[in-house]
Amino acid sequence: MKDQRICIKFCVKNGFKGAEIFWMLQTAYGDAVMSRRRVFEWYKRFKEDREEPADNERSGRPSTSTTPEKVDKVLELVREDRRITVREVAEEAGISFGSTQSIMKDILGVRRLNAVLVPKDMTFDQKNSRKETASLNLEATTDDPELLKRVITGDETWIYGFDSETTQQASEWRFKNEPKPKKARKAPSKVKVMLTVFFDYQGIVHHEFQQQGFTITCDSNLGVLRRLREAIRQKRPELWRSKSWILHHDNAPAHTALKISKFLQDHWRKGNVPQGEREKKCASENDKLMEPPSVSR
């Protein structure tokens, strides 16, 4: 409202009447305009040579709820229990519910957020293994900046006949007093096929669709890998000639079976597949890197 008061002050200095000032404010601010009574109150104040457009300081006893001691107490309670409620904080700190909200939101700047869903909660050993693997990968990319350009990643996903539109995708711009858009509920498509795709930094190297009801097995994965080798020979001839490309996929049973490991060894570079300390340390819970001259897990 301070900007409207400044406009009133400007109009008073230029000799406009109260009714004229209110009409101009209505034109400029529309529904956000001050009430007619408030406009005339400030018109009178500025006519009486008032200069400050801000409100006068209000008298009253100082606040005893937002003292540094109370703020520190609220901060301590929040840090001890991140799931504590505002009402529990107010009871523990001995202050009102509203004052607690004000301290947490305006002074401490904390907000309550919903937990983000993750595939699984890893154990300490799994987190430590992931950290070691990330450190080794970072070291490898530092030693060889072109490493990631040699990686070919493979994965599978379901492709549905149609995808249900989300409520966010169905959102529309609406003006005031217009109803919210409606969207009928739809079940996901029952028609689906499995897509197996391999890609690198340049794009898709090989992909193929599987029939509905198809199950990935060791034997079927062997066929996919044979067709992948042919696709690499045709689409990535420089990697094929140097035999330097790295296969990156998850550790599903069909990918880590003994038959698959033997195929990868025999059809890239026979023998010479060391399993030293570095390869053992590269073990990851979710990913596996297969390189022609060596196998890193």
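- In the nomenclature of an unreviewed UniProt entry, the protein chain is known as Mos1 transposase HTH domain-containing protein of Cordylochernes scorpioides.
- What UniProt states about the protein chain under its Subcellular location (unreviewed entry) heading is, verbatim, "Nucleus".

1. Structural notes on the overall build of the protein chain
1) Next: When helices and strands are counted, the protein chain shows twelve helices and six strands.
2) Next: Put simply, the protein chain has 297 residues, and 30% of those count as buried.
3) Next: Taking the intrachain contacts of the protein chain between residues at least 6 apart in sequence as the baseline, contacts between residues at least 24 apart amount to 58%.
4) Next: Of the roughly 21600 Å² of accessible surface on the protein chain, a fraction of 52% belongs to carbon and sulfur atoms.

2. Section: a negative patch on the surface
1) Next: Together, E69, D72, E76, E80, D81, E88, E91 and E92 make up a region of like negative charge exposed at the surface.
2) Next: Put simply, the parts of the chain that give the negative patch at least two residues each are helix 4 (68-80) and helix 5 (86-93).
3) Next: Top element by residues in the negative patch is helix 4. It accounts for four residues.
4) Next: Within the element layout of this structure, E88 appears in helix 5.
5) Next: By relative accessible area, E88 is classed as partly exposed at 39%.

3. Some thoughts on the nonpolar core
1) Next: If you look at the biggest cluster of nonpolar residues, it comprises 16 residues, and the most contacted ones within it are L225, L228, W245 and L247.
2) Next: Elements with a contribution of two residues or more to this core: helix 8 (218-235) and helix 11 (258-266).
3) Next: Considering each element in turn, this core owes the most residues, six residues, to helix 8.
4) Next: Apart from residues no more than four positions distant in its own chain, L228 is found in contact with F198, V205, H206, W245 and L247.
5) Next: One finds V12, I21, V33 and F46 within the second-largest nonpolar core, a separate group that totals twelve residues.

4. A word on the pairing of strand 1 (residues 151-160)
1) Next: For strand 1 and strand 4 (residues 246-250), the ladder comprises three bridges, and the chain directions are parallel. Within strand 4, the residue paired with I152 across the bridge is L247.
2) Next: Of the strand pairs in this sheet, strand 1 and strand 2 (residues 192-200) are connected by eight bridges, and their pairing is antiparallel. Counterpart to T153 in the pairing with strand 2 is F199.

5. Quick word on the packing of helix 4 against helix 6 (residues 97-107)
1) Next: Two elements in contact, helix 4 and helix 6, have axes separated by 10 Å at closest approach and are oriented at 80°. Classified by the angle their axes make, helix 4 and helix 6 are roughly perpendicular. Of helix 6, the residues touching helix 4 (which contributes V71, V74 and V78) are I103, M104 and I107.
2) Next: Here the residues of the contact of helix 4 with helix 6 are counted per class, giving six nonpolar, no polar and no charged.

6. Observations concerning the environment of N221
1) Next: Here N221 is to be found in helix 8.
2) Next: Residues N221 and A254, spaced 33 residues apart in sequence, show a C-alpha to C-alpha distance of 6.7 Å.

7. Some details on helix 7 (residues 124-143)
1) Next: Its 20 residues place the ends of helix 7 29 Å apart at the C-alpha level, agreeing with the 28 Å of an ideal helix rising 1.5 Å per residue.
2) Next: Listed as buried for helix 7 are Q126, S129, T133, L136 and A140. Relative to the axis of helix 7, the buried residues are bounded by an arc of 90° and lie together on one face. Away from the buried face of helix 7 by more than 90 degrees, exposed residues F124, K131, L138 and T142 are located.

8. Remarks on the confidence of the model for the protein chain
1) Next: Of the residues in the protein chain, 85% have a pLDDT of 70 or more, and the chain-wide mean is 80.
2) Next: Note that pLDDT drops below 50 for residues 269-297; the model gives that stretch 75 contacts with residues more than four away or on any other chain.

9. Considering the pattern of salt bridges
1) Next: As enumerated under the stated definition, the model contains ten salt bridges in all.
2) Next: Salt-bridge contacts for E51 lead to K13; the nearest nitrogen and oxygen are separated by 3.3 Å. Of this pair, E51 sits in the loop between helix 3 (36-47) and helix 4 while K13 sits in helix 1 (residues 2-13), and the two are 38 residues apart along the sequence.
3) Next: With a relative accessible area of 43%, E51 lands in the partly exposed category.
4) Next: Taking the shortest distance from any N to any O, the salt bridge between E41 and R37 comes out at 2.6 Å.

What counts, and at which threshold
- Residues numbered from 1 in each chain as written.
- Predicted model: local features only at pLDDT ≥ 70, side-chain atom pairs only at ≥ 80, totals over all residues.
- Heavy atoms only, no water.
- UniProt positions renumbered as here; feature names shortened; annotations may be inferred.
- Helix = DSSP H or I, 4+ residues; strand = E, 2+ residues; numbered from the N terminus.
- Buried < 20%, exposed > 50% of the residue type's maximum accessible area, 1.4 Å probe, protein only.
- Contact = heavy atoms within 4.5 Å.
- Areas by Shrake-Rupley, 256 points an atom, 1.4 Å probe, with all protein chains shown as cover.
- Patch = residues over 30% accessible without salt bridge, like charges linked within 9 Å, V, L, I, M, F, W, Y side chains within 5 Å.
- Salt bridge = Lys/Arg side-chain N within 4 Å of Asp/Glu carboxyl O.
- Lys, Arg positive; Asp, Glu negative; His and termini not counted.
- Charge placed at Lys NZ, Arg CZ, Asp CG, Glu CD.
- Core = buried A, V, L, I, M, F, W, Y, C linked by side-chain atoms within 4.5 Å.
- Pairing = 2+ DSSP bridges.
- Axes fitted to C-alpha atoms, helices over the stretch in contact; angles between N-to-C directions.
- Parallel < 35°, antiparallel > 145°, perpendicular 65-115°, else oblique.
- Nonpolar A, V, L, I, M, F, W, Y, C, P; charged D, E, K, R; others polar.
- Expected span 1.5 Å × (residues − 1).
- Arc of directions from axis to C-beta.
- pLDDT = per-residue confidence, 0-100.

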